[in-house]
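Listed here are the chains, written in short residue letters.
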Amino acid sequence: MRVGQLRRWLLMRGAESFEAMTDLPKALRVELANAFTPFAGRVVKHQTADDATHKLVLEFGDGGRIECVLIQDAGRRTACISTQVGCGMGCVFCASGIDGVDRNLTVGEIVEQLVRLRNLPGPRNEPSPEGVERLSHIVVMGMGEPLANLDNLLEALEIATAKDGLGIGARHITISTVGLPAKIRRLAESGKQYHLAVSLHAPNDALRNRIVPTNDKTGMDAILAAAAEFFEKTGRQVTYEYVLLGELNDRPAHARELVAVLRGRRAHVNVIPFNEVEGLPYQRPTDLALQTFIEALENGGISVKVRKRKGSQIDAACGQLRRKTLQAPG
Ligand code: SAH
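Bear in mind that the values here come from a model prediction, so they are computed numbers and not experimental data. (Residues numbered from 1 in each chain as written. Predicted model: local features only at pLDDT ≥ 70, side-chain atom pairs only at ≥ 80, totals over all residues. Heavy atoms only, no water.)

Draft legend 1. Quick look at the domain arrangement of the chain. Taken domain by domain, the chain holds domain 1 (1-38) and domain 2 (39-327). On a C-alpha basis, the centroid separation for the pair domain 1 and domain 2 is 33 Å. In this complex, domain 1 contributes nine residues to the contact, which on the side of domain 2 involves 14 residues. Roughly 1000 Å² is buried in total at the junction of domain 1 and domain 2, and carbon and sulfur atoms are behind 48% of that figure. Our enumeration of links across domain 1 and domain 2 arrives at one salt bridge. Asp164 serves as the salt-bridge partner of Arg7, at 3.3 Å between the closest nitrogen and oxygen. (Domains from an automatic or database assignment. Contact = heavy atoms within 4.5 Å. Buried area = accessible area lost by both parts, 1.4 Å probe. Salt bridge = Lys/Arg side-chain N within 4 Å of Asp/Glu carboxyl O.)

Structure follows, in structure tokens:
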């Protein structure tokens, strides 16, 4: 019974201390507070942008730091969460992988990000009967490669989707991967309705090898085949992410080649104009290059969205704030 009460307070009612759990006996609350903390990490940085985007940098007991973001617009409350401290994939344009990977996050550390973000004030301030505003969506697009930590991620998402957990619909959860074929198949076999996004970033192996180093071993064919299986098994259309890097992969010829690769795949493409990372030599595409690229995909019959830029004011893009806190602690 006590465990159920604790679980409800933390997961449903937004308590951040044992003291706040008012239906527990006072003596028990004191005992709990002496022996435990409700969260494993602490917030070492909290930034808020004008568009109600919040970014937290969390530090865990071993000093490992990760970041997570709350994005609020159009009635949505989306948590963007990390699955690893650092990242081992080494995509050349990404801030998260610059120093490699330290370790996987635990189930609790993944859930903690969701709970802490959920507990932040909403833009509309419409708390539910429990007194907290719910998260509507999760994107697993923070630091790390989610499919490299699939067991812990799946367990955390069980808690996120549970009715007596965070109550988020599985169809509102997107897992973004660099493309690990065996793990994509395992995810498909889990029978969950999570949405899969594959970071493609190039229309052929030669270019993808330069942008996504792990492609050298994997190859695009194996990734596309696994994604096709994912679609067959789950009935969920796969999104392909394509970070548009000025002069590198943003030419009309690249768009036409991408059309040819994706033709017949019921794919959806999410174009992400590169967010500049300090110290990296890559550039945003020009507006003209972006427009031309999108039109070429649309003309080829591909459904395209451009990812909106939120929270750029607070380095919300892609592992950038954590790096700043590592360079200048505090
Ligand atoms: N490891 C996962 C999650 C990465 S973050 C993956 O590879 O998909 C989610 C998306 O943001 C990925 O497509 C990633 O390539 C992209 N991304 C990373 N850094 C970026 C940057 N500086 N600008 C734009 N997109 C970036």
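Let's pick the thread back up.
Draft legend 2. Broad picture of the site of the ligand. Close to the ligand lie 19 residues; Glu145, Ser176, Ser199, His201 and Asn275 are nearest. Thr177 has a polar backbone atom sitting 3.4 Å from an oxygen atom of the ligand. The side chain of Glu241 places a nitrogen or oxygen atom 3.4 Å from an oxygen atom of the ligand. Computed on the free molecule, the ligand has an accessible area of 540 Å², of which 95% lies beneath the protein chains in the complex. Broken down by secondary-structure element, the contributors of at least two residues to the shell around the ligand are β8 (173-177) and β10 (239-244). A class-by-class count of the residues in the shell around the ligand yields 10 nonpolar, seven polar and two charged. (Near = heavy atom within 4 Å. Polar contact = N/O pair within 3.5 Å; in protein donor to acceptor, adjacent residues only side chain to side chain. Areas by Shrake-Rupley, 256 points an atom, 1.4 Å probe, with all protein chains shown as cover. Helix = DSSP H or I, 4+ residues; strand = E, 2+ residues; numbered from the N terminus. Nonpolar A, V, L, I, M, F, W, Y, C, P; charged D, E, K, R; others polar.)

Draft legend 3. Focus on the environment of Ser176. With respect to the element layout, Ser176 can be found in strand β8. Judged by its relative accessible area of 10%, Ser176 is buried. As for Ser176 and His195, which are separated by 19 residues in sequence, their C-alpha atoms are 8.5 Å apart. The contact partners of Ser176, leaving out residues within four places of it in the chain, are Val140, Met141, Glu145, Pro146, Ala197, Ser199 and Glu241. (Buried < 20%, exposed > 50% of the residue type's maximum accessible area, 1.4 Å probe, protein only.)

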